[in-house]
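Survey of secondary and tertiary structure
Given next are the chains, with one letter for each unit.
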Amino acid sequence: MSTHKITTQKVNFKVFRFNADVDYLPYYEDYTMEVTSEEVVLDILNRIKWDLDGSFSYRRSCRHGICGACAIMLNGRATLACKESMNDMIELFGNDITLEPLSKKRAVKDMIIDKADFWQKHDAVSPYLISDIDEYPEQEHLVSPKQAEELDDADLCIQCGACHYACPVVEINDEFFGPAAFAKAYRFEADVRDEAGTDRLIEMHKEAQGVWDCVKCFECAEACPKDINPIGKITKLHLMLFREGVATSTVASRHAVGFKNSIAKHGVLDEGTLVLYSEGPAIVKHIPVALQMFRKGKIVLPWNMPKSDNLDEIQKLVKSSSTAKF
Amino acid sequence: MKKLKYALFTGCTAKQSTPEQMMSTLAVAKKLNIELIELTEASCCGASHLQDYDDFLSLVLNARNIAYAEKHGLTMVTICNTCQLNTAMTKHRLDNNAELKAKVNEKLAEVGLEYKGTSNVIHFLYAIIDDIGLDKIKEMVVTPLSQFNIAPFYGCHNIRPSELQNESHNSKENPYNPTSLDDLIIACGGMTVDYNEKNKCCGFHVELQAPKTGAILSGNAIAGAMDGNADWMVTPCPLCHLKLDTQTKHSSEAIGREVKLPILHMQQMLGLALGCPSDELGLKHHVSKVNFI
Ligand code: SF4
Ligand code: SF4
Ligand code: FES
């Protein structure tokens, strides 16, 4: 018999309420409950609906962390309700817990949001295997374990949207594909059976929509309940863009390449030259800020540019270890 | 107090566009009886951009930097969140992948170096909290910052990915509710401002390719601090500092509201509280004027 003891503690819940059909503005309802150490967040949502207010709405389906329906925000942290233990959340945040939908501006009813933008972006990256397969193949297309490892768990995505709505760029740029779509694009780009070639990658390189607009905040990595690490996949897509020769000469791609050039020359970064290399003639737009910085002693002139000691070592390593071309 | 000794990885910014970051680091170290051995051989960490172009080269270069700290037998301290991330991420990958480590070491052998994995890599903020302790800091404060509301701005790469960051230090941080900088503000006698953007992104890394995105993010951050009644903001990251301090015109335009606050480096705040002479803290190097002293 298990010796595990069930404990309870009092938790104050502040719950986002909104019904787009009747409410002009959302409001918050307070509920105080005794929460047992066995419960997950979904149990609380159920109890609110079943015991306290039948009109309360949320999505759930599998209760096994695989359908992705139940993702909500708990104290600003994207949370898969059926997977997350209340005890862990109390340990992380204490006894005052706020429950909100993944995206407040997309709320339809309480925890339920309109995920149309998520699915549209998902669709936009050709989220399927593109392969010209013989209708009656003589043998299976074998994938070795090593080749399967290349997917780096990207195939485990349950499309819950946690990363997407945690992403600050999704919030302010309607065109940005967002982390889940990138993870999906990577999932097929890394699949040896896929024959889309560079078509999908070309989408990834597009200004405003593609990987170059990611601010590298790691919110998506933190949010993902499946540990898929979308920003890790975004980095891999960047590398693929260069490797497959898809990366054209843009501000963003030159910015990445400029780091290598600068390190090869000085060891450290030459900040001024990097901006010049990245922007080209458009550098003039930075002049007002640059002048202000210059006045405050924040710009190093070329003849004072610092260099790393033992620069010859760095140069030797840049030469012998470089794998990328632009 | 026992003398602490670290290998200092300055990163590039402290040697160029944020000289005040370098000055205040040295001033604070002196006050706290910390000896810093500067890794003058170190190269740029790649700042996440080299990593997008040439992953292997970035591993080799970062491993080389750590190898120099190992040669001194010291923990490496960083003073930039992005340097911390890229260096710690290299360490994590090499320490957990013998094959990759061997490949990197094959390259380092060409210049007579070896990455062993013996030196820890930790941001100065956490080194201070772990190794000196907030109580000790509190005791050492000579000029409490009691008349100031100070808005902490954490910066992404010190708090996310949390698994990686929490590997380097004992003072565990919750990325959704970080406390280290708040605790330091309180230890310095100041009052902390709680605002939604304190653990959000400043947008620095897309400043060139997606300036509007960058400007909205930094504008929102300063606006959040202003709405919280902040007298100034403080950050442990020189890149966040640059974005918030030098780009206020663009930030204001992007969010349709005038935003501007003095933005101090974590070291400058600590230096003020510990009584470092203000000329050693480089406060005159700010674009958004530090007008309260
Ligand atoms: S790392 Fe990039 S994709 Fe992920 S949440 Fe941040 S901006 Fe969005
Ligand atoms: S990557 Fe993770 S967080 Fe994003 S949709 Fe897939 S499972 Fe959800
Ligand atoms: S109900 Fe399916 S993932 Fe939670």
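Residues numbered from 1 in each chain as written. Chains lettered and ligands numbered in written order. Predicted model: local features only at pLDDT ≥ 70, side-chain atom pairs only at ≥ 80, totals over all residues. Heavy atoms only, no water.

When helices and strands are counted, chain B shows 14 helices and eight strands. A compact globule built from 293 residues should have a C-alpha radius of gyration of about 19 Å, and chain B, at 19 Å, falls within 12% of that. Residue burial in chain B is summarised as follows: out of 293 residues, 67% are buried. Of the contacts formed within chain B by residues at least 6 apart in sequence, a portion of 80% connects residues at least 24 apart. As displayed, chain B offers around 9800 Å² of accessible surface, 48% of which is attributable to carbon and sulfur atoms. Each charge class in chain B can be summarised by its mean position, and for the 27 positive and 32 negative side chains these summaries are 3 Å apart. (Helix = DSSP H or I, 4+ residues; strand = E, 2+ residues; numbered from the N terminus. Rg over C-alpha atoms; globule rule 2.2 N^0.38 Å. Buried < 20%, exposed > 50% of the residue type's maximum accessible area, 1.4 Å probe, protein only. Contact = heavy atoms within 4.5 Å. Areas by Shrake-Rupley, 256 points an atom, 1.4 Å probe, with all protein chains shown as cover. Lys, Arg positive; Asp, Glu negative; His and termini not counted. Charge placed at Lys NZ, Arg CZ, Asp CG, Glu CD.)

Our focus in this paragraph is the domain arrangement of chain A. Segmentation of chain A into domains returns domain 1 (8-113), domain 2 (116-243) and domain 3 (251-321). In this structure, domain 2 of chain A and domain 3 of chain A have C-alpha centres spaced 32 Å apart. (Domains from an automatic or database assignment.)

Pairs may arise between side chains of opposite charge once their charged atoms sit close together. Summed over all chains, the structure comprises 34 salt bridges over all chains. The salt bridge partner of A:Glu313 is B:Arg64, with a shortest N-O separation of 3.0 Å. Linking A:Glu313 in helix H14 (residues 311-321) with B:Arg64 in helix H3 (residues 55-72), this pair reaches from one chain into another. Classification of A:Glu313 as buried rests on a relative accessible area of 12%. In this structure, B:Arg93 engages B:Asp55 in a salt bridge whose closest nitrogen and oxygen atoms are separated by 2.9 Å. Placement of B:Arg93 in helix H4 (residues 81-95) and of B:Asp55 in helix H3 is noted, with a sequence separation of 38 residues between them. Take B:Arg93: its relative accessible area is 30%, and that puts it in the partly exposed class. Sharing partners across several salt bridges, the network here consists of A:Arg17, A:Glu29, A:Asp53 and A:Asp110. (Salt bridge = Lys/Arg side-chain N within 4 Å of Asp/Glu carboxyl O.)

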